[in-house]
Amino acid sequence: MYNDSADNMLTVFANYLCGTCLSISRKRIQPSNEGSTKFNGFSLKHVYGFLLIFSLILPLTMSVPMRGKRSSTDKSNESNGDKPHWVNPCPGVPTSSSGAQKRSVSEEDTGSEADFINSIVLTSKHAIYQAEKFREKYVMRTFSVDFEKHHSNWKSAKYGWLAQEVILPKELGEKLSSDNLQKMELDDESIKIYGYLQRLAVAFEQVTKDQREVNSEFQEEFAVAETHLKSILCELREIIPDSKFAIYRDANRDIMPPEFRHMDDHTYRNVRDWLIFRDYMNVVEYLIQVLEYFKTKTV
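Computed from a predicted structure; not experimentally measured. (Residues numbered from 1 in each chain as written. Predicted model: local features only at pLDDT ≥ 70, side-chain atom pairs only at ≥ 80, totals over all residues. Heavy atoms only, no water.)

Student: It is not clear to me how the pattern of salt bridges should be interpreted in this structure. Could you clarify?
Tutor: Taken as a whole and assessed by the stated rule, the structure comprises 14 salt bridges. In this structure, Lys155 engages Glu174 in a salt bridge whose closest nitrogen and oxygen atoms are separated by 3.4 Å. Of this pair, Lys155 sits in the loop between α5 (147-153) and α6 (160-163) while Glu174 sits in the loop between α6 and α7 (178-182), placing them 19 residues apart in sequence. Glu174 sits in the partly exposed class, given a relative accessible area of 31%. One salt bridge connects Lys244 with Asp188, and the closest N-O pair in it is separated by 2.5 Å. Of this pair, Lys244 sits in the loop between α9 (219-237) and α10 (258-261) while Asp188 sits in helix α8 (residues 186-213), placing them 56 residues apart in sequence. The class of Lys244 is partly exposed, set by a relative accessible area of 29%. (Salt bridge = Lys/Arg side-chain N within 4 Å of Asp/Glu carboxyl O. Helix = DSSP H or I, 4+ residues; strand = E, 2+ residues; numbered from the N terminus. Buried < 20%, exposed > 50% of the residue type's maximum accessible area, 1.4 Å probe, protein only.)

Student: Teacher, can you tell me more about the packing of α8 against α9 here?
Tutor: The angle between the axes and the distance between the axes are what describe a pair of packed helices. Axis separation between α8 and α9 bottoms out at 9 Å; the angle between their running directions is 155°. Of the possible angle classes, the one that applies to α8 and α9 is roughly antiparallel. Crossing of α8 against α9: the hand is left-handed. Here the contact of α8 with α9 is composed, by residue class, of 14 nonpolar, five polar and four charged. (Axes fitted to C-alpha atoms, helices over the stretch in contact; angles between N-to-C directions. Parallel < 35°, antiparallel > 145°, perpendicular 65-115°, else oblique. Left-handed = near helix turned anticlockwise from the far one by under 90°. Nonpolar A, V, L, I, M, F, W, Y, C, P; charged D, E, K, R; others polar.)

Student: Please clarify how the packing of aromatic side chains should be interpreted in this entry.
Tutor: As enumerated under the stated definition, the model contains 21 aromatic pairs in all. An angle of 80° between the planes, with centres 5.3 Å apart, marks the rings of Phe245 and Tyr248 as edge-to-face. Relative accessible area serves as the criterion here: at 6%, Phe245 is assigned to the buried category. Put simply, the rings of Phe134, Tyr138, Phe143, Phe147, Phe204, Phe218, Phe222, Trp274, Phe277 and Tyr280 touch in pairs and so form one group of aromatic residues. One Lys or Arg, Arg199, reaches over the ring of Tyr196 and ends 5.3 Å from the middle of that ring. (Phe/Tyr/Trp six-rings, centres within 6.5 Å; stacked < 30°, edge-to-face > 60°. Lys NZ or Arg CZ within 6 Å of the ring centre and 35° of its normal.)

Student: Is there a simple way to think about the nonpolar core in this case?
Tutor: In this structure, Leu197, Leu200, Leu236, Ile276, Phe277 and Tyr280 are the most contacted members of the largest nonpolar core, which totals 66 residues. For this core, the secondary structure elements donating two or more residues are α4 (110-143), α6, α8, α9 and α11 (266-298). Broken down by element, this core gets its largest block of residues, 15 residues, from α11. Contacts of Ile276, omitting those with residues within four sequence positions, involve Tyr159, Trp161, Leu162, Leu200, Ala203, Phe204, Val207 and Met256. (Core = buried A, V, L, I, M, F, W, Y, C linked by side-chain atoms within 4.5 Å. Contact = heavy atoms within 4.5 Å.)

Student: How do you make sense of the side chain of Arg278 when you look at a structure like this?
Tutor: If you trace the backbone, Arg278 turns up in helix α11. Assessed through its relative accessible area of 2%, Arg278 is described here as buried. At 2.7 Å, the side chain of Arg278 forms a polar contact with the backbone oxygen of Ala157. Those residues within four positions of Arg278 in sequence are excluded, and the remaining contacts are His151, Trp154, Lys155, Ala157, Lys158 and Leu172. (Polar contact = N/O pair within 3.5 Å; in protein donor to acceptor, adjacent residues only side chain to side chain.)

So this is what it looks like as structure tokens:
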């Protein structure tokens, strides 16, 4: 990957060669004393060398990616129909007139619903398994403290913009009480969790981007976790009735305040990544427990 100074050097060099070739073409061709043709003091050998280097450098400079702020093209992607993955979690699935993806399961088809619930539970458990495989090492390497102590230290820290009005009756690693489960309705819980997962997907997009940019030791693990999150969103959509999306508004990138996106201080950025990662694990645990409860009721 080229840095900004390399970009500038390549561009300047290409401009210099281009200007040199143009100036040569405007000069009168003169025969040299040695009998060879020269262009204003340059031999044909020099000219051919310039042209060869120019032909190699110019495509290279044109292919160097631009850096800086998010381009106007990126900003307008959503308005141009290029929806974020959390808005269109199942590529290829048709959408309804309201923009929400169509539900594959009819509300009367309890057999199919049970199968879908089982599939979501398996996908979610796989996501938790993947997260648990690296979370202790990630916490120790990043914060120099063991996982349980770190979780306890930051247990009460929450991002209001991430949870919004949703307050889950559990923390990471905890079990839902039977009283909480018995009060739940599957459709209501599903759309609530779907919205929370969408907001987590917005945050995860920034986390994985920053992990790549700082060349984090755990960038690959976070990228895999983001893929699991996409899969869960896609499968969860299948059991939510279309009627629940009548007044539903998809999460957009604006929910994440700029001060949480652009963090130059690695300490604050590490804490941000942990809180988002922790909430992701907790919401997926919550989803598993809720669906396993309702799975027993559909058998």
